[in-house]
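Each chain is listed here by its residues.
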Amino acid sequence: MVMKKMMPTLALVLLSAFSFAQHLVTVNIKSADGSWLEGTSLQLKGSTVRNGLTNENGRFVFRNIPAEKFILHASFTGMVATDTTITIAANTEVTLTLQSLPSALLPAEVRGLRAGNDAPFAKTDVSRSYIEKNNTGQDIPFLLNQTPNVVINSDAGNGVGYTGIRIRGTDATRINMTINGIPYNDAESQGTYFVDLPDLLSSTSSIQIQRGVGTSSNGPGAFGGTLNLSTYAYNPAAYAELNNSYGSFNTLKNTVKLGSGLMGKHFTFDARLSNISSDGYIDRASSHLQSGQFTLGYWAGKSSLRFNAILGKEKTYQAWYGVKESDLASNRTVNYAGTEKPGDPYKNETDNYWQNHYQLFFNHEFNPNVVFNTAFYLTTGRGYYEQYKAGQTLADYGIAPINGTTETDLIRQLWLQNKLWGQIISLQVNKGLDEWAFGGGWSYYPGSHFGKVVWTEVQPNLQHEYYRQQANKADANVYAKWTHHLNDNWKLFTDLQYRYVHYKIDGFQYNPAIQIDEQWNFLNPKAGISYAKKNWSGFLSYAMSNNTPNRDDFEAGKNEMPKPEHLHDFELNITKKEVLKNLQLAATFYYMYYRDQLVLTGKVNDVGSYTRQNIPKSYRAGAELEAAWCWKSGSVKYSAGLSSNKILDFTEYIDDYDNGKQQVNHYSKTDIALSPSVVQQGTISFVPLKQTELQWMAKYVGRQFLDNTSQQSRSLDPYFVNDLRASYSFHGRKILKEARLIFQVNNLFDVKYEPSGYTFSYYYNNALTTENYYYPMATRNWMVALNIKF
């Protein structure tokens, strides 16, 4: 009798327990081409609201979800957001396929430049979610440190201020960089000065790194790599973000981001303001950096018009001299800049530069198979570096003796004022088994180089301009790209570009009589074939690139004018997905053969300058091995770059001060400077607790030679460095969308290492002296960041 009375109560208890059971909801997101989408934003809306972000395998697991009906919202940059109703009664797994947005709404970049998933070129794509998780204020190269075959460095030692990157041993002057498809490299030096646009990462929605010649079409020739950045994408929902970081060396980053969402069905406005400051690891290597980005977009059914203004300002204390080998062990943070001043170092031995980018994009979709894109741009730059110089001869500056004094201490500023304006354009056509891309671009660069004396010890108020030279550079190209689907598994790719360059230089600071007026015409062909079937894919490709000499190369005598460089790049890739469950392996083999590569030899030309010389033959040959294994609560990624980088016939010139000439040494086969034969990196990510992620990042770089003679006495020791990052995310329900706390320890085991440097040698008193200089990186240091989204 008692049991009968208890039955209804027991049933009610069991029913309640079932109703409030907690379940796992696993969500998998992929694109229409079948690739998994890392960084997809997820929201599970029911009696509770949960947020999530898919991992490298396109997966996220919601835990402790009650049994009821939910709406799953999924959104990804460049994809149509979806809402799906799901009913939870047990552990559930959902797989969704997101479709691409209409072309007019895709990120504001001129397409036809990036390599697609099946393009026959070695590449790595960096998602917005990865950028957000790893951006604590260090510059772009440091975010890319864990990508294959990359070596980075920093003048200040901690990744703030002047930083550098090498891809496959190739320096930044040969790496083509674009922002939304628009050329970024300096037109004359061809360098990529990331410091000029501080915290650009906070506006970046994705990055593609291409190794080798790749698909680059705009700007300087890619002679070993390409960096393609895309900034703010289409954001139909309003948002606000506060991102703040603080860490070692008094490093501070503050960023504010705002977005209006879609207003009046057609308009969006996005804005960012950033401030970064740091004392630097090296003595006095301080940085004071400010930047902003303002984007106004108009979106119609098949058209979009978008205006970007990206503004940057930097002031950094000079730290580009490096540290002498004799000081490295006892005083590795010493800075020689400013020490010509008697007593304390000169306080304003600084580099100062303002750079603004204005970009106007127009996209139009005639129909789903014909899309037109164009962009007009203007980049303005002006700045100088200031130096205290002791015991200077006034006549060298065109200044008459002052009160009978011919030598004095003085302060000088070396100025650069320039502009770059132009247009890029492309048309994509898809027809049946064929995809076409036609495009091109043009740019014009006027630049003024001039110097000022702003103070002398004998006449403090002196203001005197002592040199001024003008340079102008015109650059234009047209290209056609064709992709043909041979069948369901094979694709053929061809690309032909014609490029014209006209460069005029009206003298140099120390050689004003040198006049340069050079024109070049280049044909750059590319071709390849790719294969994809089930879990196997791969490609074979060939690409040719031609590169012009930079400004400094032309400070030479008439008989020693530099010639353009030529590169033939062969690439072979094999990739296997699901070798084991969620395990992917890939191998890329490459052979990059150079003709007339420009390298430093130590030779003094007939106008007394040390400039790079063309060497007949050199090559880079290697393999890039990649592995990735993902599971529900973590992942492991590993890559290794193994290479041989050789000059086949190298001649070294060494100053002989005893005899007033140069000694000559010949080498038959030597290593290319700053090109390690081994580069390895690995990352272990693990989610031990809900909303918590731990990452262990390791990097090994083999021996690098400081010059092209392969002498170990002129080299950088191999190094192995580990970083540790922990992050915790909290998701709110109403005003607060997400808060993320990040704590990172760099160089966890306090390794003393140097990733870059330089060397020079000379004979004096019948003895050979070699002086090595190094750029030390910081010992153990830390950063903490709090990023809040509304």
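**Brief notes about the overall build of the protein chain**
- Across its full length, the protein chain carries four helices and 44 strands.
- Relative to its length of 790 residues, the protein chain is compact, with a C-alpha radius of gyration of 28 Å against a globular reference of 28 Å.
- The 790 residues of the protein chain split such that 57% are buried.
- Contacts in the protein chain between residues at least 24 apart in sequence constitute 65% of all its contacts with a sequence separation of at least 6.
- Summing over all exposed atoms, the protein chain offers an accessible surface of approximately 33200 Å²; the carbon and sulfur share of this is 58%.
- Each charge class in the protein chain can be summarised by its mean position, and for the 73 positive and 69 negative side chains these summaries are 12 Å apart.

**Observations concerning the pairing of strand S41 (residues 738–746)**
- S41 sits mainly inside the fold: seven of its nine residues count as buried.
- Direction of pairing for strand S40 (residues 719–731) relative to S41: antiparallel, over a ladder of eight bridges. The partner of Phe730 across the bridge, within S41, is Ala739.
- In terms of strand pairing, S41 meets strand S44 (residues 781–789) through nine bridges, oriented antiparallel. Bridge pairing links Val745 to Trp782 in S44.

**A short note on the side chain of Gln146**
- Secondary-structure assignment places Gln146 in the loop between helix H3 (140–143) and strand S9 (150–154).
- In terms of polar contacts, Gln146 uses its side chain to reach the side chain of Thr683, at 3.1 Å.
- Within the local environment of Gln146, its side chain forms a polar contact with the backbone oxygen of Ala698, the two atoms lying 3.5 Å apart.

**Describing unusual backbone geometry**
- We note that Arg168 has phi near 55°; this positive angle belongs to a residue other than glycine.
- Relative accessible area serves as the criterion here: at 3%, Arg168 is assigned to the buried category.
- The phi dihedral of Asn180 falls on the positive side, at around 60°, and the residue is not glycine.
- Along the chain, the position of Asn180 falls in the loop between strand S11 (175–179) and strand S12 (182–183).
- The class for Asn180 is buried, based on a relative accessible area of 0%.

**What to know about the sheet that holds strand S34 (residues 661–667)**
- One open sheet holds the five strands; their spatial order is S20-S43-S42-S33-S34, and the pairing between them is mixed. A single partner strand is all that each edge strand has here, and the edge strands are strand S20 (323–324) and S34.
- Where S20 meets strand S43 (residues 767–774), two bridges bridge the pair, whose relative direction is antiparallel. Its bridge partner being in S43, Val323 is matched across the sheet by Tyr774.

**Quick notes on the sheet that holds strand S7 (residues 92–98)**
- The strand order S4-S1-S7 describes an open sheet built from three strands, whose pairing is mixed. The strands lining the two open edges of the sheet, one partner per strand, are strand S4 (59–66) and S7. Across the sheet, the mean angle from the axis of one strand to that of its neighbour is 25°, orientation sign disregarded.
- Judged from the six bridges that link them, strand S1 (residues 22–31) and S4 form a sheet pairing that is antiparallel. Residue pairing across strands places His23 opposite Ile65, the latter belonging to S4.

**Regarding the nonpolar core**
- Counting residues in each nonpolar core, the largest one holds 30 residues, and the members touching the most others are Ile140, Leu144, Ile165, Met177, Ile207 and Leu227.
- Listed in part, the 18 residues of the second largest apolar core include Val25, Leu37, Leu42 and Ile88.

**A few points about the pattern of salt bridges**
- Following the criterion strictly, the structure yields 30 salt bridges and no others.
- The salt bridge partner of Lys481 is Asp495, with a shortest N-O separation of 4.0 Å. Of the two residues, Lys481 is situated in strand S25 (residues 464–485) and Asp495 in strand S26 (residues 490–506); the sequence distance between them amounts to 14 residues. For the pair formed by Lys481 and Asp495, the shared burial category is buried.

**Quick look at the environment of Tyr610**
- Along the polypeptide, Tyr610 turns up in strand S31 (residues 610–631).
- On the basis of relative accessibility, which here comes to 48%, the residue Tyr610 falls in the partly exposed class.
- Along the primary structure Tyr610 and Ala556 are separated by 54 residues, whereas in three dimensions their C-alpha atoms are 8.6 Å apart.
- Looking at Tyr610, its side chain comes within polar contact range of the side chain of Asp655, at 2.2 Å.

**With respect to the packing of aromatic side chains**
- Here the structure, examined in full by the defined rule, presents 34 aromatic pairs.
- Between the aromatic rings of Phe760 and Tyr773, the centroid separation amounts to 6.1 Å while the plane-to-plane angle is 20°, which identifies the pairing as stacked. Of the two residues, Phe760 sits in strand S42 (residues 757–764) while Tyr773 sits in strand S43, which places them 13 residues apart along the sequence.
- Judged by relative accessible area, which is 9%, Tyr773 ranks as buried.
- A connected cluster of aromatic rings, assembled from ring pairs, spans Tyr657, Tyr758, Phe760, Tyr762, Tyr773 and Tyr775.

**Considerations on the environment of Trp536**
- Residue position: Trp536 is located in strand S28 (residues 536–547).
- In this structure Trp536 comes out as partly exposed when scored by relative accessible area, which is 44%.

**A few points about the environment of Leu724**
- Counting through the fold element by element, Leu724 comes out in strand S40.
- Here the alpha-carbon distance between Leu724 and Glu693, two residues 31 residues apart in the chain, equals 11 Å.
- If we skip the residues at most four places from it in the chain, Leu724 touches Gln695, Trp696, Met697, Phe743, Gln744, Val745 and Leu748.

The rules behind the values
Residues numbered from 1 in each chain as written. Predicted model: local features only at pLDDT ≥ 70, side-chain atom pairs only at ≥ 80, totals over all residues. Heavy atoms only, no water. Helix = DSSP H or I, 4+ residues; strand = E, 2+ residues; numbered from the N terminus. Rg over C-alpha atoms; globule rule 2.2 N^0.38 Å. Buried < 20%, exposed > 50% of the residue type's maximum accessible area, 1.4 Å probe, protein only. Contact = heavy atoms within 4.5 Å. Areas by Shrake-Rupley, 256 points an atom, 1.4 Å probe, with all protein chains shown as cover. Lys, Arg positive; Asp, Glu negative; His and termini not counted. Charge placed at Lys NZ, Arg CZ, Asp CG, Glu CD. Pairing = 2+ DSSP bridges. Polar contact = N/O pair within 3.5 Å; in protein donor to acceptor, adjacent residues only side chain to side chain. Axes fitted to C-alpha atoms, helices over the stretch in contact; angles between N-to-C directions. Core = buried A, V, L, I, M, F, W, Y, C linked by side-chain atoms within 4.5 Å. Salt bridge = Lys/Arg side-chain N within 4 Å of Asp/Glu carboxyl O. Phe/Tyr/Trp six-rings, centres within 6.5 Å; stacked < 30°, edge-to-face > 60°.

In short, geometric facts, not functional conclusions.
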